[in-house]
Amino acid sequence: RVTVLEQSFRQSLSEQHSNYSAALAQTASEIHAQLAKDFERVRNDYEVVMREMEALIHRELRVLRQKQASTVAGPAAAISAPVSTAAPLPMPIEWVRFADAFRGPEDEIRERQKRHARRFTGSANEILDIGCGRGEFLEAARGLHLTVRGIDLSEESVALCRNKGLNAEQADLFTYLDAAPDRSLGGAFCCQVVEHLPPERVPVLIRLLGAKLRQGSLVAIETPNPECLAIFATHFYIDPTHTRPVPAALLRFYLEEAGFGSIEVERLAPAAESIPALKELPSGFVEALFGGLDYAIYARKL
């Protein structure tokens, strides 16, 4: 009888220990999950606060710069040079064939555009591809289930995009953006376009993007890299509609002035890959003067 009582006591004790261990594990799991949620909430709140602080600092610094400029230069400094809005005369060139000859095969460009498209993952509103061309970015974005629309001046390019089932329309980028509602775009992509614009129109484009993008939305701009001397000996002047290259530092300045932050510059397409003779030069020299043929600049609307 004593043996039976002892066995019963041991079994009861074992069950109590198992129940206690299970309850402890469950409680620890719930606490861990709650801590993870709290940490995520705090991190999101921190990012929001930091974006708001960055936007506030940006606005205050801009006001101070404007006050300083007006004090030093006087009222005449506020008068800006007239900006020509006349559209350039169309060149008698088949631009799709031109792109095939000098831009590169569509499959190759589409693979390059995937790196840009992935940065827009999570965008809620429609992304605008400015100067969509043959539609490589539109295809890459569609593959990621992003909502995207393309605009281009070339009727031929737009027809090609539509034949692929892509959402594209013929439009002047300034007219289209000016008519778009403020803070309506979930992102903007502009590839190999700004170097075609008159220099005085580039900051106009950036200011329009600053007005039309929602807070936190991404803008990505890709253009030839003037820091790479090889670009002038190979690619830039092949396109007769190029006006002048836009340095990354200048684009960064325009973006900051238009209310963008979290700016990141990435050099693309190393010149040594297309000009093997550069590999014979010292690496530091190549890196300083013959780096990426193109660069991409990414920024978020504050």
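Presented here is a report on the structure given in the accompanying data block. (Residues numbered from 1 in each chain as written. Predicted model: local features only at pLDDT ≥ 70, side-chain atom pairs only at ≥ 80, totals over all residues. Heavy atoms only, no water.)

### Description of the packing of aromatic side chains
The condition that has to hold: Only rings of Phe, Tyr and Trp enter the pairing, Trp through its six-membered ring, and a pair is recorded when the two centres are within 6.5 Å. The plane angle decides the type: under 30 degrees is stacked, over 60 is edge-to-face, the rest tilted. Helix numbers and strand numbers start at the N terminus; a helix is a DSSP run of H or I with at least 4 residues, a strand a run of E with at least 2. Per-residue accessibility, obtained with a 1.4 Å probe over protein chains only, is compared with the maximum for each type, and a residue is labelled buried under 20%, exposed over 50%, and partly exposed between these values.
In total, this model carries six aromatic pairs according to the counting rule given. With a centroid separation of 5.8 Å and 75° between ring planes, the pair formed by Phe120 and Phe137 is classed as edge-to-face. Note that Phe120 is positioned in the loop between helix H3 (106–118) and strand E1 (127–130) and Phe137 in helix H4 (residues 136–143), a separation of 17 residues in sequence. Neither Phe120 nor Phe137 differs from the other in exposure class; each is buried. Ring geometry for Phe137 against Phe189: centres 3.9 Å apart, planes inclined by 15°, an arrangement best described as stacked. In this pair, Phe137 sits in helix H4 while Phe189 sits in strand E4 (residues 185–191), placing the two residues 52 residues apart along the sequence.

### Brief notes about the side chain of Ser154
Applicable threshold: Throughout this description, a polar contact denotes any pair of N or O atoms lying within 3.5 Å of each other; where both atoms belong to protein, one of them has to be capable of donating a hydrogen while the other can accept it, and for residues adjacent in sequence the pair is counted only when both atoms sit in side chains.
Of note, Ser154 is situated in the loop between strand E2 (148–152) and helix H5 (155–163). Here Ser154 falls in the buried class, since its relative accessible area comes to 14%. Polar side-chain contacts of Ser154 include one of 3.1 Å to the backbone nitrogen of Ser157.

### Side note on the nonpolar core
Considering soluble globular proteins, one finds that nonpolar side chains tend to be buried as a cluster. Cut-off, in case you're wondering: Nine residue types can take part in a nonpolar core, namely buried Ala, Val, Leu, Ile, Met, Phe, Trp, Tyr and Cys, and a core is a set of them joined through side-chain atoms within 4.5 Å. Only heavy atoms enter the contact rule, under which two residues are in contact if any of them lie within 4.5 Å.
Of all hydrophobic cores here, the largest spans 34 residues; its most connected members are Leu205, Ile206, Leu209, Val219, Leu251 and Phe260. For this core, the secondary-structure elements that each account for two or more residues are E1, helix H6 (173–179), E4, helix H7 (202–212), strand E5 (213–224), helix H9 (248–257), strand E6 (260–270) and strand E7 (292–301). Broken down by element, this core gets its largest block of residues, six residues, from H7. Those residues in contact with Leu209 that sit more than four places away from it in its chain are Ile130, Leu177, Ala188, Val219 and Phe260. If you look at the next biggest cluster of nonpolar residues, it comprises 21 residues, including Phe120, Cys132, Cys161 and Leu268.

None of this, on its own, says anything about what the molecule does.
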